[in-house]
Each structure stands twice: as C-alpha cells, then as structure tokens.
Amino acid sequence: MNACTILIGAVCVAAWGIAATAADPVPDWIKPLQATRKPPKDAKPPSVCDLMTGPDGSKITTATQWAAQRKRIHDKWTRFLGQLPKPHCPLEPRVVETVTLDGSITRKLLQLQVEPDIWMRCYLFVPPGKGPFPACVCLHSTSDETIRQPAGLGSQPEKAFALDLAKRGYVTIANENFEWCYPGRPTTGKAWDKFHAVARIFLAKYPGVKGMAKMIHDASRCVDYLCTLPTVRKDAIGTIGHSLGAKEVTYLMAFDERVVCGVSSEGGVAFEFTNYHDPWYLGPEIKKKGFNLYAHEVVALIAPRAWLLIGGNSADGDKSWPYVGPALPIYRLLGRPGAVGLFVHDKGHAVPPEGRQIAFRWLDYFLEPSGRR
C-alpha cells in the first residue's frame, strides 16, 4: 500500500509510529480538554454502548483485541451507510481560475470529477515555498456561500479556515457539499425543500447509500487529489469544519484513515443533538426502535488519530462528554492518550476567537506546519 491508500478495517497502530505499550505523555494544554464535563440536568440520557467489551463479554485490554472490535464496528457502519460504486472515476482536475494573494499564497478554483460526469467545485490554497506542507480539507457550514466561506470570500471571516490555514503554512482544499451542486437541484424554492429534492435524486440513483456516505466520498476525493500534489505531506493531512462541516469532519475521519487530525466545531456529535435523521445525512432509520448503531462508535473509529470536538453549548458542549469520554480508554490503549478532547466555549453555535485559537493550535500540534515544529 502507498501513503495514499485508504486503510479500512483494522487499526494500524504501527502505521502511526505508536508503541501500544508506551503511551505518549499528555501535554498540559490538552489535559483540560479531557476533564470530565457534567451534562446539564435537562439533557437526555446518552445512547451509548460499552466499547471496551467484546461480543463474548470479555474485556478489551490489548491493541489486537481493539483492532478486532473496531473491525466489527466499522463493518456494521459500512453496511448501514453504503458506498458509491468502485472503482472511482478519475478526478480529471480542471483549473477554472488562478489568483495570487498577498503573501504569495496561490488560490485556485478547481473542478474535480467525483462521479462519472459529475463535477465538484473546490478552492485550493497553496502557501509560498517548495514544501512539502501539511494539508487540510476545510468543510463549509450550511450556507449558500458554500466554498466562498472557507476561502475567505464570504460574510463570516471567522470561518475562513482554508485561507487562514494557508497563511499558517498549510495546503488547503475546500469542497462544495453535494446538496448545493448535485445535478437536478431545483433553482427556486425554499432551502429545506431543495435539500430534500437533492436527497431524493441521490437516493434514487444509489439505493441503500446514505447521504452521509456521499459526503464522505466527496471529501475523500479531496484527499485523493491532495495525495497527487508533490507539495503535500501525505502523512500530515487534516480536516476542519463547523456545523454541517463538523459532521463531515467526524465521519470523514472515521472512514478515511489517511486523515490523521481533525477539528469538529458545533456539528452535534450525537444523533439526538441535531438533524441526523434527515435524508441527506443518516435518514429516518436512526429513529426506529431497535436501531443498533451508536454515535460514539464513530468517534471510536477515529482512534488513535487526533480528533478535537468544539462546542458552544448549542449543538455540542457539556452534553457531548458522554460521547467523547468513552473514547479515552481506546486512545490510552493505543498509546495516544492526548489525541482526543472536548473544548467548550459557551458562545453558542458560533466560531469565537477562543474556538479558532484552540482549533489552530490542535492542528499545528499534530500536523506540524513548517516553522511551527
């Protein structure tokens, strides 16, 4: 396998340079991100299962046992989500526009072929210098500005993750969510009606494939593209997103092991925190009695790679701890006890300065852009 192969199934502890018997120390600045947080009194009891107990009732105490448990979790989630047909079509990148910004950063507007004859718009930012640089997939929130938002061309500069990370020495790519660009999308009507219309089109084309699987697919195609660039460090690809983009961050990391670090801001980590039941995400099945998949299993699939959840006590916050805390024993078992955390800023469904600061510090620490090592 080369550095750009998606490693699905087993936890490849050795691939991350991790010794399962010798844990990395937890930096002092990360320790508060792992402090137990008490959910509010009116919070619903969390829907969780015991991740550290195998199907035979035995406790999981080794990395090998966890690899088998992870495969079981991964396989049942993959069956539920479905996948777009393989082999995937060639990306055939098209450059629509190239602009040189202040600081000699290059911004390109691209089109990538993500399905046969279906093209996805992206902004690519490349910092000055030869590299190779770490890279980051920057996922926009629910906004008609779509990729203009992370590119710094929208109305919310605090969410200009692609531009701001390029200034910090990252190659960044910001792709447009399929809900805004899929063929057949209505040109008039309310936004929510358009979302439902696109979901119907996609689900009819790919029966049994969830909308979230399409989002994972498209973001992974961005990773495919990044892996073709000689300026990108293939061992240092991360992702960041807010709200809609935050959901994509968590699921992308769970199902594409090439992504080694991520920051999920106010996405709603639990099914009941937000609208995961909508057809462009996981669909109404998650509300059915007896549904046997759990949101914290998705977090567990990310281990041992670095994942930070940020909440403003809106979609995420103190109530999210029961979905983050259960992953800690897994990270400890795999020798990376400091690679998972929860930061709560109490500023609602927003990206305040303290949220940006901790997000960028997390990415810098685990991806090490040039000049910050």
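For the structure, check the block above.
Residues numbered from 1 in each chain as written. Predicted model: local features only at pLDDT ≥ 70, side-chain atom pairs only at ≥ 80, totals over all residues. Heavy atoms only, no water.

**Considerations on the packing of aromatic side chains**
Inspection of the entire model under this criterion finds 23 aromatic pairs. The interplanar angle of 45° and the centroid separation of 6.1 Å between the aromatic rings of tyrosine 251 and tyrosine 276 together place this pair among those described as tilted. In this pair, tyrosine 251 is assigned in helix α5 (residues 244–255) and tyrosine 276 in the loop between β7 (259–265) and α6 (295–302), connecting sequence segments 25 residues apart. Taken individually, tyrosine 251 and tyrosine 276 each receive the classification buried, so the pair is uniform in this respect. The interplanar angle of 55° and the centroid separation of 6.3 Å between the aromatic rings of tryptophan 280 and tyrosine 281 together place this pair among those described as tilted. Considered together, tryptophan 280 and tyrosine 281 belong to a single accessibility category, that of buried residues. Every member of this aromatic cluster is reached through a ring pair, and the members are Trp77, Phe80, Trp180, Trp192, Phe195, Tyr251, Phe271, Tyr276, Trp280, Tyr281 and Phe291. Here lysine 210 stacks its cationic end above the ring of phenylalanine 80, 4.3 Å away from the centre of that ring. For the cation-ring pair, lysine 319 lies above phenylalanine 273, with the distance from its terminal atom to the ring centre recorded as 4.4 Å. (Phe/Tyr/Trp six-rings, centres within 6.5 Å; stacked < 30°, edge-to-face > 60°. Helix = DSSP H or I, 4+ residues; strand = E, 2+ residues; numbered from the N terminus. Buried < 20%, exposed > 50% of the residue type's maximum accessible area, 1.4 Å probe, protein only. Lys NZ or Arg CZ within 6 Å of the ring centre and 35° of its normal.)

**As for the packing of helix α4 (residues 211–226) against α5**
Close contact between α4 and α5 brings their axes to 9 Å; oriented N to C, the two are set at 75°. With respect to each other, α4 and α5 are oriented roughly perpendicular. Contact residues: Met212, Met215, Ile216, Ala219 and Ser220 in α4; Leu244, Lys247, Glu248, Tyr251, Leu252 and Phe255 in α5. Taken together, the residues of the contact of α4 with α5 sort by class into eight nonpolar, one polar and two charged. (Axes fitted to C-alpha atoms, helices over the stretch in contact; angles between N-to-C directions. Parallel < 35°, antiparallel > 145°, perpendicular 65-115°, else oblique. Contact = heavy atoms within 4.5 Å. Nonpolar A, V, L, I, M, F, W, Y, C, P; charged D, E, K, R; others polar.)

**Details of the state of the cysteines**
Under the defined criterion, the tally for this structure stands at zero disulfides. Residue cysteine 138 stays outside any disulfide, its sulfur separated by 4.3 Å from that of cysteine 136, the closest cysteine. Judged by its relative accessible area of 0%, cysteine 138 is buried. (Disulfide = S-S within 2.5 Å.)

**Structural notes on the environment of proline 134**
Looking at where proline 134 falls in the secondary structure, it is placed in strand β4 (residues 133–139). Under the relative-accessibility criterion, proline 134 is labelled buried at 0%. Put simply, proline 134 and lysine 86 are 48 residues apart on the chain and 28 Å apart in space, counted from C-alpha to C-alpha. Residues contacting proline 134, with those up to four places away along its chain left out, are Gly169, Tyr170, Val171, Arg233, Ala236, Leu367, Glu368 and Pro369.

**Details of unusual backbone geometry**
Here glycine 131 and proline 132 are connected by a cis peptide whose omega angle stands at 0°. Its place among the elements puts proline 132 in the loop between β3 (118–126) and β4. With omega at 10°, the peptide bond leading from alanine 303 into proline 304 counts as cis. Within the secondary structure, proline 304 sits in the loop between α6 and β8 (306–311). The phi torsion at serine 243 lies on the positive side, around 60°, for a residue other than glycine. The topology assignment puts serine 243 in the loop between β6 (232–242) and α5. Despite not being glycine, asparagine 313 shows a phi value in the positive range, around 60°.

**Notes on the sheet that holds strand β2 (residues 106–115)**
Taken together, nine strands build an open sheet; the order of strands is β1-β2-β3-β5-β4-β6-β7-β8-β9 and the sheet is mixed. Lying at the two open borders of the sheet, with one neighbouring strand each, are β1 (94–100) and β9 (340–344). Strand-to-strand twist of the sheet, defined as the mean angle between neighbouring strand axes without regard to direction, takes the value 20°. Bridge analysis of β4 against β6 gives six bridges, and the strand direction is parallel. Bridge pairing links phenylalanine 133 to valine 232 in β6. (Pairing = 2+ DSSP bridges.)

**Description of the pairing of β1**
Pairing geometry for β1 and β2, over six bridges, is antiparallel. Bridge pairing links valine 99 to arginine 107 in β2. Where β1 hands over to β2, the hairpin turn is made up of five residues, of which glycine 103 adopts a positive phi near 90°.

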